[in-house]
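Chain by chain, the residues:
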Amino acid sequence: MRIEKITENKKQFLDLLLLADEQENMIDKYLSSGDLFALFDGDLKSVCVVVAINSETCELKNIATYEKYQNKGYGRELINYISNFYKSHFKTMLVGTGETPSILSFYKSCGFEMSHRVKNFFTDNYDHPMYEGDIQLVDMIYLKKDLSK
Ligand SMILES: CC(C)(COP(=O)(O)OP(=O)(O)OC[C@H]1O[C@@H](n2cnc3c(N)ncnc32)[C@H](O)[C@@H]1OP(=O)(O)O)[C@@H](O)C(=O)NCCC(=O)NCCS
């Protein structure tokens, strides 16, 4: 297994990035300025994008594993890798997500805890109603991870 920081042609990973964020113009807002990491185990399995928010905080903007490779530990590997990668630069990593219990428990199992909520983020910023299964996404839930731990 290897994890690479990708600096060129980041859009080649758009199919995976769209699994986590289904509107391309929202991805464009963070992809060019963000750091993109790709996990390969043989072939490509997962990607994630991280941006700096300020001198103390970075934010995980997107993480996705191809559907057939989910629940095999690749997402957790990627989060462990970026937590180590950024711990000398930032105190805290944030991640924002819809109010989906399975995704919230994924992040909690990777060391994140609840931080705050941005009301109506999905209804205000996306051009169509967003669903995760049967659940309509309305508020953005932010979780945070202390990178010194
Ligand atoms: C969320 C996602 C990136 C997790 O990646 P992954 O490679 O499947 O994650 P892992 O296999 O490392 O899972 C780590 C842990 O979380 C659990 N987990 C992962 N996804 C889960 C889900 N959808 N429901 C319940 N538990 C889940 C795993 O069971 C595992 O727990 P364990 O180690 O105790 O067994 C992946 O499910 C995905 O790409 N989803 C679609 C895109 C998406 O929604 N991204 C997040 C946007 S906010």
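Residues numbered from 1 in each chain as written. Predicted model: local features only at pLDDT ≥ 70, side-chain atom pairs only at ≥ 80, totals over all residues. Heavy atoms only, no water.

Quick word on the overall build of the protein chain
- The helix and strand tally for the protein chain stands at five helices and nine strands.
- A compact globule built from 149 residues would reach a C-alpha radius of gyration of about 15 Å, and the protein chain, at 15 Å, matches this within 12%.
- Judged by the C-alpha coordinates and their principal axes, the protein chain covers about 35 × 30 × 30 Å.
- Across the 149 residues that make up the protein chain, the buried fraction comes to 45%.
- For the protein chain, the proportion of contacts with a sequence separation of at least 24, taken over those separated by at least 6, is 63%.
- Only carbon and sulfur atoms are counted for the fraction: they give 46% of the accessible area of the protein chain, which is about 8,200 Å².
- Taking the average place of the 18 positive charges on the side chains of the protein chain and the average place of its 22 negative ones, the gap between the two points comes to 6 Å. (Helix = DSSP H or I, 4+ residues; strand = E, 2+ residues; numbered from the N terminus. Rg over C-alpha atoms; globule rule 2.2 N^0.38 Å. Buried < 20%, exposed > 50% of the residue type's maximum accessible area, 1.4 Å probe, protein only. Contact = heavy atoms within 4.5 Å. Areas by Shrake-Rupley, 256 points an atom, 1.4 Å probe, with all protein chains shown as cover. Lys, Arg positive; Asp, Glu negative; His and termini not counted. Charge placed at Lys NZ, Arg CZ, Asp CG, Glu CD.)

Focus on the site of the ligand
- Lining the immediate surroundings of the ligand are 18 residues, of which Thr-65, Asn-71, Gly-73, Gly-75 and Arg-76 lie closest.
- Between the ligand and the protein, one listed contact pairs an oxygen atom with a backbone N or O atom of Gly-75 at 2.8 Å.
- Between the ligand and Arg-76, the relevant distance is 2.5 Å, taken from an oxygen atom to a side-chain nitrogen or oxygen of the residue.
- A total of 890 Å² of accessible area belongs to the ligand in isolation, and the protein chains cover 72% of it.
- Listed by contribution, the elements that provide at least two residues to the shell around the ligand are α1 (14-20), β4 (57-65), α3 (74-86) and α4 (101-109).
- Take the shell around the ligand: its biggest share by element is five residues, from α4.
- Residues of the shell around the ligand, tallied by class, amount to eight nonpolar, eight polar and two charged. (Near = heavy atom within 4 Å. Polar contact = N/O pair within 3.5 Å; in protein donor to acceptor, adjacent residues only side chain to side chain. Nonpolar A, V, L, I, M, F, W, Y, C, P; charged D, E, K, R; others polar.)

Brief notes about the sheet that holds strand β3 (residues 43-52)
- What the seven strands build is an open sheet, ordered β1-β2-β3-β4-β5-β9-β6; its pairing is mixed. In the strand order of this sheet, the two ends are held by β1 (2-6) and β6 (113-118), each with one partner. Taken over all neighbouring pairs, the strand axes of this sheet differ in orientation by 30 degrees on average, direction set aside.
- Note: β1 against strand β2 (residues 35-41), five bridges, orientation antiparallel. Residue pairing in the sheet places Ile-6 in a bridge with Leu-36 of β2. (Pairing = 2+ DSSP bridges. Axes fitted to C-alpha atoms, helices over the stretch in contact; angles between N-to-C directions.)

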